Every structure is written in C-alpha cells, then in structure tokens.
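# Topology and contacts: notes
Chain by chain, the residues run as shown.
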Amino acid sequence: MYFTDRGIEELVDRRGEESVTLEWVADQLRTFVDQNPEFETPIERFATWLARADDEDDE
C-alpha cells in the first residue's frame, strides 16, 4: 500500500456517497495549488492524466 492510499481511502470514506462534477474537482484542485504552490507540477500532471485517460493514442 502506498502512503497516498490512506488519503484516497479517507476521501472515499468521507465523501464516497456524494456526487460531484468535474468542475467542482477542478475548483478544488485550483484552490489546493493556490494554497500549496509547490504541488503545481504534480497537480498539473494528474489533471492532464485524468483528461487523457481514455485517449488510445497515449498508451
């Protein structure tokens, strides 16, 4: 188990029943980067990965 799995499990436990939009997620990511600018590159990579997750050309 990766250390990040604990945070992911907490997210599911606390908010797993909620429905959210991608716009809400994007707003949360922007707020997080505003508060934690040192994470700008990993968040950008994660957002790009999510955006392209279904692109067959990137495999």
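Description of the structure in this document. (Residues numbered from 1 in each chain as written. Predicted model: local features only at pLDDT ≥ 70, side-chain atom pairs only at ≥ 80, totals over all residues. Heavy atoms only, no water.)

## Brief notes about the environment of Gly7
Positionally, Gly7 belongs in helix α1 (residues 3–15). Sequence-wise, Gly7 and Val20 are 13 residues apart; in three dimensions their C-alpha atoms are separated by 18 Å. (Helix = DSSP H or I, 4+ residues; strand = E, 2+ residues; numbered from the N terminus.)

## Remarks on the environment of Trp49
Position of Trp49 relative to the elements: it lies in helix α3 (residues 40–51). Between the alpha carbons of Trp49 and Thr4 there is a distance of 17 Å; along the sequence they are 45 residues apart.

## Re the packing of aromatic side chains
For the structure shown, the criterion picks out two aromatic pairs. Where Phe46 meets Trp49, the ring centres are 6.3 Å apart and the plane angle is 20°; that geometry is what we call stacked. Separated by three residues within a single helix, Phe46 and Trp49 lie in helix α3, roughly one turn from each other. We classify Phe46 as partly exposed; its relative accessible area is 39%. (Phe/Tyr/Trp six-rings, centres within 6.5 Å; stacked < 30°, edge-to-face > 60°. Buried < 20%, exposed > 50% of the residue type's maximum accessible area, 1.4 Å probe, protein only.)

## Focus: the pattern of salt bridges
Scanning the model with the defined rule gives three salt bridges in all. For the salt bridge of Glu10 with Arg14, the shortest nitrogen-to-oxygen distance reads 2.8 Å. Taken together, the residues Glu10 and Arg14, both in helix α1 and four residues apart, mark about one turn of the helix. In this structure Arg14 comes out as exposed when scored by relative accessible area, which is 66%. Close ionic contact of Arg30 with Asp27 constitutes a salt bridge, the shortest N to O distance being 3.0 Å. Here Asp27 and Arg30 lie together in helix α2 (residues 22–35), a separation of three residues that amounts to about one turn. On the basis of relative accessible area, Arg30 is assigned to the exposed category, the value being 53%. (Salt bridge = Lys/Arg side-chain N within 4 Å of Asp/Glu carboxyl O.)

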